[in-house]
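Single-letter residue listing:
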Amino acid sequence: MAGPSTEIARKPRADAVRNRERVLEAAKAVFSAGGSEASLEAVARHAGVGIGTLYRHFPTREALYEAVYRREVEQLGDLAEQLQSAPEPVDALRRWLRANVEFVATKKGMVAALALVAAGSSELHAYSFDRLTKAIGTLLARAAAAGAIRNDISAEDVLRALIGMCYMHDQPGWQTTALRLLDVFVDGLRVQPAGTITKPQGPGLDAKKANRKPAR
């Protein structure tokens, strides 16, 4: 017959599960802020637990980084599934991409450590790439089936564009720029009504006309 110790090993205590979630949520906030405060001690303080509790759940710094990263990827995958029932497929795609900017903010705060983790785990990279591209793919397919966006762009294309928008800006306020670019990108995916002609913007053409010499 299984004893009490077997039962505990089989199912973590509720307070242990809550502490783990608190640590992961605190780590996300601390790592997103980055800088000199992105330490394990800061994570423990933010979570309201002792450093010993943190190490019981995550015995190494790399273990915590990987757990935060996996949790964010899983949440993004879950969000894509939830957005499948949103009434407007393009807005659903936009909302999912905007959620990724927050994910990148967390990732930027631990990019050096994640590089070490990923170097020893090709499975982590494969898992995240597969989960995110599938999430994008479902939202793209729904919007394309509704005739709302063009159907010649792949999930990998969107993921690369997203990464480029987020990682080309490292200055304070980069998230505002990334969100603005995302809006431009999503609007560019929309199917234009037949016969619509997009006119070039800016003074270039008008200036050329003004400087053009009249025919003699």
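Within every chain, residues take consecutive numbers counted from 1 along the sequence as written. Predicted model: local features are reported for residues with pLDDT of at least 70 only, side-chain atom pairs are reported and counted for 80 or more only, and whole-chain, interface and lining totals are derived from all residues. Side-chain numbers come from the whole structure's heavy atoms, not from hydrogens or water.

**What about the pattern of salt bridges?**
Then, in step 1: In what follows, salt bridge is the name for a side-chain nitrogen of Lys or Arg lying within 4 Å of a carboxyl oxygen of Asp or Glu. Counted under the stated rule, the structure contains 14 salt bridges.
Then, in step 2: Note that Arg71 and Glu25 form a salt bridge whose closest N and O atoms lie 2.9 Å from each other. Taken as a pair, Arg71 in helix 5 (residues 61-83) and Glu25 in helix 2 (residues 14-33) lie far apart in primary sequence, 46 residues in all.
Then, in step 3: Between buried and exposed lies partly exposed: a residue is buried under 20% and exposed over 50% of the maximum accessible area for its type, with that area taken using a 1.4 Å probe on protein chains only. Residue classification places Glu25 among the partly exposed positions, given a relative accessible area of 39%.
Then, in step 4: As a salt-bridge pair, Arg94 and Asp183 come within 3.0 Å of each other at their nearest N and O atoms. You can see Arg94 sitting in helix 6 (residues 89-108) and its partner Asp183 sitting in helix 10 (residues 174-189), a full 89 residues away along the chain. The way it works is that DSSP assigns letters per residue, a run of H or I at least four long becomes a helix, a run of E at least two long becomes a strand, and they are numbered from the N terminus.

**Here we look at the confidence of the model for the protein**
Then, in step 1: This prediction gives the protein a mean pLDDT of 80; 75% of its residues lie at or above 70.
Then, in step 2: Element-level mean pLDDT values for the protein span from 46 in helix 11 (residues 204-211) up to 94 in helix 4 (residues 51-57).
Then, in step 3: Counting contacts from residues 195-210, a segment whose pLDDT is below 50, to residues more than four positions away or on other chains yields one contact. The quantity called pLDDT is the predictor's confidence in a given residue, expressed from 0 to 100. Here, residues are in contact when the closest pair of their heavy atoms is within 4.5 Å.

**Quick word on the packing of aromatic side chains**
Then, in step 1: Only centres within 6.5 Å qualify two rings of Phe, Tyr or Trp (six-membered ring in Trp) as a pair; their planes then separate them into stacked at under 30 degrees, edge-to-face at over 60, and tilted for everything else. Scanning the model with the defined rule gives two aromatic pairs in all.
Then, in step 2: Between the aromatic rings of Phe31 and Tyr65, the centroid separation amounts to 4.8 Å while the plane-to-plane angle is 55°, which identifies the pairing as tilted. Placement of Phe31 in helix 2 and of Tyr65 in helix 5 is noted, with a sequence separation of 34 residues between them. For the pair shown, Phe31 and Tyr65 are each scored as buried.
Then, in step 3: Ring geometry for Tyr69 and Phe103: centres 5.6 Å apart, planes at 40°, overall tilted. Taken together, the residues span a long stretch of sequence, with Tyr69 in helix 5 and Phe103 in helix 6 at a distance of 34 residues.
Then, in step 4: Judged by relative accessible area, which is 7%, Tyr69 ranks as buried.
Then, in step 5: Counting as a charge over the ring demands two things of the Lys NZ or Arg CZ atom: a distance within 6 Å of the ring centre and an angle within 35 degrees of the ring normal. The ring of Tyr127 has Arg70 sitting right over it, with the charged end atom 5.1 Å from the ring centre.

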